[in-house]
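Analysis of the macromolecular model
The chain contents come next:
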Amino acid sequence: MNVRVKFLGGAGTVTGSRFLLEIGFLKVLVDCGLFQGMKDYRLRNWEPFPVDPAGIDMVLLTHAHIDHSGYLPKLVKEGFSGPIYCTEPTLELVKILLLDAGKLQEEEAAYAQKKGYSKHEKPEPLFSMKDAERVFPLLQPLRFEEEYSLHESLRVTAYNAGHILGAAILKLKIKGENQEKKIVFSGDLGRYHDPILNPPADIPFGDVLFMESTYGNRVNENAKVSGQLAKIIKETYMKGGVSVIPSFAVGRTQMILYLLHRMQKLGTIPDIPIYVDSPMAIDVTQLYKNFGHYHHLGPFLDESDANPFLHKNLHYYKTQDSSMTLNHLRGDAIIISASGMATGGRILHHLYNRLPNEDDSVIFVGYQPEGTRGRKLLDGEKTCRIYGVDVPVKASVHFIEGLSAHADQKELLEWSEGFIHKPKVTFLVHGEAESTQALADLLRSQRQWNPIIPTYMESFELFSGI
Ligand SMILES: [Zn+2]
């Protein structure tokens, strides 16, 4: 039997992760991500899928992030009808994220029609919320560290990857006529000292490894985060202002809630109300509560005093009406709302309301790419366009670095040390050119590995005649 891989995305870029494995006649797609970011990449989402989706036997998902799962509704729309295997928390997270992505696609199409900038008479979304729902019945749950036989020649085990709730490293055992081979997909790897998630599991053996390289050229120190955050919140409180934190619904919001709760217990910030104003962030936080055994805060979620997701200062605001009441608050409050890059969502009305007030603070807790409102605010622009109005920026705007959910350079190397035998072949994926190259150089010089950096649509024979 022969085994091949084709890189349908996630090669030379951090988005559109999708790797096609051909195991004899069995076609397995590992991850099914959406391309995001630059237009050249985004256009790939609209191209015909490189293989007939109806001919793919199954999908394996490492985790729920849209750059790993967001193409699923389109794949199903184009004829895929096989099972999609993922961990239990990923299964629930994917539903929330795909529905949100479908809604955004629908809104974008409606906006394009209103503005008339689409060359189509009636611009269509890439997929709708209805298309997203058609993915749900295909999702099949896996538990960590249990081996599942998915086909006579394929068994799969998911191991904890950290990163976000339910994120998995996947180990595939391929059974040929004569030999068994192991293929490991790192997925996205998390941090080694994350207060909520467990560190990525060591995988001692693998014949072929697909390893992420997002931060192959960067070291992210997170030691100073609490101190910086506390200082800004305290100063804002002393001025009588409100601190507003634009935050991503998955992972980052829960991390911020953990930090704020700990700071209030230590007394480094005042005992003031914290409002979570994002229905999606609230749903995701509920999943962190439901899947307590998937992270190390689990044992504390029953004790209200130690539970960062349920305590006297914390308020969840789900409805639009309750959200609007927050506009009247003057001082004594911390508001967490989405989206994290201020590209849409309820955070916009908070910024509209808070930016003109010099006593208030806006605290970004994630990377803000070029072109986003977040980037412009951090670059010190004097006005910010929201709802068609140029809002004056008087509030203080801050950026807290080091809260990334990705393993940094040191941690990627640390994870590679878990391999007792070096993999015969290592592909470095999920990274921009410089970071992937930097990691490749380090693996060569420090570990005597000889990694390959694949390109988009490139294919390789992994095993022949096994
Ligand atoms: Zn991810």
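Here's a quick rundown of the structure. Residue positions are given per chain, counting from 1 as you read along its sequence in written order. Reporting in this predicted model follows two pLDDT cut-offs: at least 70 for local features of residues, and 80 or more for side-chain atom pairs to be given and counted; totals over whole chains, interfaces and linings ignore these cut-offs and use all residues. To obtain the side-chain values, all non-hydrogen atoms of the structure were included, while hydrogens and water were left out.

What holds strands together in a sheet is hydrogen bonding between their backbones, with the strands either parallel or antiparallel. In this analysis, strands are considered paired if DSSP registers two or more bridges between them. Numbering of helices and strands starts at the N terminus; helices are DSSP runs of H or I of at least 4 residues and strands are runs of E of at least 2. Spatially, β14-β13-β15-β12-β16-β19 is the arrangement adopted by the six strands of the open sheet, whose pairing is parallel. The sheet terminates laterally at β14 (314–316) and β19 (396–399), the two strands that pair on one side only. When strand polarity is set aside, the average angle formed by the axes of neighbouring strands in this sheet is 20°. The sheet contact formed by strand β13 (residues 274–277) and β14 spans three bridges and is parallel. Paired with Val276 across the bridge in β14 is Tyr316. Sheet strands touched by helix α6 (residues 225–239): β12 (242–246), β15 (333–337), β16 (361–364) and β19. Its angle to β16, the strand with the most contacts, is close to 165°. Two residues qualify as a contact provided that any one of their heavy atoms is within 4.5 Å of a heavy atom in the partner residue. Convention adopted: a line fitted to C-alpha atoms gives each axis, helices being fitted over their contacting stretch, and angles between N-to-C directions are expressed from 0 to 180 degrees. In the packing of helix α10 (residues 347–354) onto the sheet, contacts are made with β12, β13, β15 and β16, and the angle to β12 comes to roughly 145°.

A few words now on empty space enclosed by the protein. The rule is simple: put a 1 Å grid over the protein atoms alone, call a set of points where a 1.4 Å probe fits but cannot get out a cavity, call an open set with protein on both sides within 12 Å along at least five of seven lines a pocket, and count a residue as lining if it has an atom within 4 Å of a point. Grid points are joined across faces, edges and corners, and a volume is the space filled by probe spheres set on the points. Enumeration over the complete set of coordinates arrives at one cavity of 30 Å³ or more. Looking at the largest cavity, its volume works out to about 80 Å³. For the largest cavity, the lining is made up of 14 residues, of which Phe19, Asp31, His68, Gly187 and Val429 are closest to its centre.

Taken together, His63 (NE2), His65 (ND1), His163 (NE2) and Asp188 (OD) make up the protein donors of the zinc ion, found 2.2 to 2.4 Å from the metal. For the zinc ion, the four donor atoms in the first shell make angles of 91 to 167° at the metal, a pattern classed as irregular. The donor set comprises N, O and S atoms within 2.8 Å of the metal, extended to 3.2 Å for Na, K and Ca; water molecules are omitted, so apparent gaps in a site may simply reflect that omission. Written as a sequence motif, the donor arrangement for the zinc ion is H-x1-H-x97-H-x24-D. Under the scheme applied here, a residue whose accessible area is under 20% of the maximum for its type counts as buried, over 50% as exposed, and between as partly exposed, the area being computed with a 1.4 Å probe on protein chains only. The exposure class of His63 is buried, given its relative accessible area of 0%. For a four-donor site, all angles between 85 and 135 degrees give tetrahedral; for four or six donors, opposite pairs above 155 degrees with the remaining angles between 65 and 115 give square planar or octahedral; all remaining cases count as irregular.

This brings us to the packing of aromatic side chains. Only Phe, Tyr and Trp rings are paired, with Trp represented by its six-membered ring, and only when their centres lie within 6.5 Å; those with planes under 30 degrees apart are stacked, over 60 edge-to-face, the remainder tilted. Here the structure, examined in full by the defined rule, presents 19 aromatic pairs. Geometrically, the ring pair formed by Trp415 and Phe419 is edge-to-face, given 5.4 Å between the ring centres and 90° between the ring planes. One exposure class covers both Trp415 and Phe419, and it is buried. Ring geometry for Phe419 versus Trp449: centroids 5.8 Å apart, planes at 85°, classification edge-to-face. Taken together, the residues span a long stretch of sequence, with Phe419 in the loop between α12 (409–416) and β20 (425–429) and Trp449 in the loop between α13 (433–447) and β21 (459–463) at a distance of 30 residues. Per residue, the accessibility class of Phe419 equals that of Trp449, and both read buried. Stacked on the ring of Phe136, the Lys or Arg Lys95 has its end atom at 5.9 Å from the ring centre. Charge-over-ring contacts are defined here by two conditions on Lys NZ or Arg CZ: a distance within 6 Å of the ring centre and an angle within 35 degrees of the ring normal.

Moving on: the packing of helix α7 (residues 252–266) against helix α8 (residues 279–290). The N-to-C vectors of α7 and α8 enclose an angle of 70°; their axes lie 9 Å apart at closest approach. The orientation of α7 with respect to α8, classified from their angle, is roughly perpendicular. Together, Thr253, Gln254 and Leu257 of α7 and Ala281, Val284, Thr285 and Tyr288 of α8 make up the contact between the two elements. Looking at the contact of α7 with α8, its residues break down into four nonpolar, three polar and no charged. Put simply, angles under 35 degrees are roughly parallel, angles over 145 are roughly antiparallel, angles from 65 to 115 are roughly perpendicular, and the rest are oblique. Classification used: nonpolar for Ala, Val, Leu, Ile, Met, Phe, Trp, Tyr, Cys and Pro, charged for Asp, Glu, Lys and Arg, polar for all others including Gly.

Read from one edge to the other, the open sheet built from seven strands follows the order β6-β5-β4-β3-β2-β1-β21, with strand pairing classed as mixed. The sheet is open, and its two borders are formed by β6 (139–142) and β21, each paired with just one other strand. Neighbouring strand axes in the sheet, compared pairwise and without regard to direction, differ in orientation by 25° on average. Strand direction decides the pairing type here: strand β5 (residues 84–87) and β6, joined by four bridges, are parallel. In the sheet register, Thr87 faces β6, and the bridge partner there is Leu142.

Spatial relationships are all this shows, so hold off on functional conclusions.
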